[in-house]
Amino acid sequence: MSVLYTPLSQYDVFPNEEEMSMVYHEHKNCPLMCRQTQDGKKQIMQVLSTDPSHYMDPSLQPGQWLDS
């Protein structure tokens, strides 16, 4: 994984895929920004929590798929 430093919006660099949409979701009392497929699966894109323990939880890392 690499880091891209740019003043551009993430949507300018990575255009939205038609089959997925961005949604706000709360999982294990942790607010998340997720991509949701048409069949309802959610993939974590960003952790929006102020609780440091959420960032240490491997199941809440960006790229992980959530269990319904």
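Heads up: the structure comes first, above all this text.
Every value quoted in this text rests on a predicted model; they were computed, and no experiment measured them.

Caption draft 1: Up close: the overall build of the protein. When its secondary structure is counted, the protein shows two helices and three strands. The order of α-helices and β-strands along the protein, N terminus first, is α-β-β-β-α. Going through the 68 residues of the protein one by one, you find that 26% of them count as buried. For the protein, contacts bridging at least 24 residues in sequence account for 19% of all contacts bridging at least 6. Carbon and sulfur atoms form 53% of the exposed surface of the protein, whose accessible area is close to 5,400 Å².

Caption draft 2: Structural detail: the pattern of salt bridges. According to the stated counting rule, one finds one salt bridge in the structure shown. A salt bridge links Lys28 to Asp57; the shortest N-O distance between them is 3.7 Å. One end of the pair, Lys28, is in the loop between strand 1 (20-27) and strand 2 (30-37); the other, Asp57, is in the segment after helix 2 (52-56), and 29 residues separate them in sequence.

Caption draft 3: Highlighting the state of the cysteines. Considering all chains together, one arrives at zero disulfides under this definition. Take Cys30: it sits in no disulfide, and the sulfur closest to it among the cysteines is that of Cys34, at 9.2 Å.

Rules behind the numbers
Residues numbered from 1 in each chain as written. Predicted model: local features only at pLDDT ≥ 70, side-chain atom pairs only at ≥ 80, totals over all residues. Heavy atoms only, no water. Helix = DSSP H or I, 4+ residues; strand = E, 2+ residues; numbered from the N terminus. Buried < 20%, exposed > 50% of the residue type's maximum accessible area, 1.4 Å probe, protein only. Contact = heavy atoms within 4.5 Å. Areas by Shrake-Rupley, 256 points an atom, 1.4 Å probe, with all protein chains shown as cover. Salt bridge = Lys/Arg side-chain N within 4 Å of Asp/Glu carboxyl O. Disulfide = S-S within 2.5 Å.

All we've got here are geometric facts, nothing functional implied.
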